[in-house]
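Per-entry structural report
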Amino acid sequence: MSTPLETVSKNATLQEAATTMRDEEITALVVTTDPPSIVTSTDLVNAAAEGRDPTELRVRDVMTESVETVPPDLYLEEIAAMMTGLGIGHLPVVKGDDYLGMISSTDVTAALS
């Protein structure tokens, strides 16, 4: 799990989101919306492939809204099954109303190998 959780505003540019991902060496950010959303490096690549300007395009234009979350005590096998079943690579880890971090498919693979 990546901690502390890195977040981004829905009004940030894709360039700002990409800079945070690069600087923090991560591939996804939780977007501070209610319910939570997420923006991933894949979202950024897709926007670039479409020729969209990352200095003008906002996170809200490419983010995935209302993402699934997991509690910190969920078994890794259950997280892996969720990721596979939903076709996703990242899940925010939440305890109550507090975001604790982000778990990625890479984290799950490393822990289970």
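Attention in this report is confined to the structure presented alongside it. (Residues numbered from 1 in each chain as written. Predicted model: local features only at pLDDT ≥ 70, side-chain atom pairs only at ≥ 80, totals over all residues. Heavy atoms only, no water.)

1. Some remarks on helix α3 (residues 76-86)
Quick reminder of the rule: Buried means the residue's accessible area, taken with a 1.4 Å probe over protein chains only, is under 20% of the maximum for its type, while exposed means over 50%, and partly exposed covers the values in between. A helix here means a DSSP run of H or I that spans at least four residues, while a strand means a run of E at least two residues long, and both kinds are numbered starting from the N terminus. Note that the arc is defined by the directions from the helix axis to the C-beta atoms. Whether two residues touch is decided by their heavy atoms; if any such pair falls within 4.5 Å, the residues are in contact.
Looking only at α3, the buried set comprises I79, A80 and M83. Looking down the long axis of α3, one finds its buried residues gathered within 100° of arc, a one-sided arrangement. Facing away from the buried side of α3 by more than 90 degrees, the exposed set consists of E77 and G85. In this structure, the buried residues of α3 make contact with β4 (90-95), β5 (98-104) and α4 (105-112). Trailing α3 by a residue or two, G87 shows a phi angle of about 65°, which is positive.

2. Notes on the nonpolar core
The line we're drawing: Think of a nonpolar core as a cluster: buried Ala, Val, Leu, Ile, Met, Phe, Trp, Tyr and Cys residues, connected wherever their side-chain atoms sit within 4.5 Å.
V8, L14, L29, V31, V39, V59 and V62 are the most contacted members of the largest nonpolar core, which totals 14 residues. Among the elements that make up this core, the one with the highest residue count is helix α1 (residues 14-24) (3 residues). With residues up to four places along the chain from it excluded, the contact list for L29 reads E6, T7, V8, A17, T20, M21, S37, I38, V39 and M102. Judged by nonpolar contacts, the second largest core, of 8 residues, contains V70, I79, A80 and L91.

3. Some points on the pattern of salt bridges
Counted only if it meets this: Any Lys or Arg side-chain nitrogen found within 4 Å of a carboxyl oxygen on Asp or Glu counts as a salt bridge.
Tallying each qualifying case throughout the model produces 2 salt bridges. Linking R22 and D23 is a salt bridge whose minimum nitrogen-to-oxygen distance equals 3.0 Å. R52 is the salt-bridge partner of E50, the closest N and O atoms lying 3.5 Å from each other. The exposure class of E50 is exposed, given its relative accessible area of 54%.

4. Focus: the sheet that holds strand β3 (residues 37-40)
This is how the line gets drawn: Here the rule is simple: two strands pair whenever DSSP picks up at least two bridges between them. Each axis is a line fitted through C-alpha atoms, and for a helix only the stretch in contact is used; angles between axes span 0 to 180 degrees, taken between their N-to-C directions.
The strand order across the open sheet formed by 3 strands is β1-β2-β3, and the pairing between neighbours is mixed. The open sheet has two edge strands with one neighbour each: β1 (7-8) and β3. Running over the sheet, α1 touches β1, β2 (28-31) and β3 and is turned about 125° from β2.

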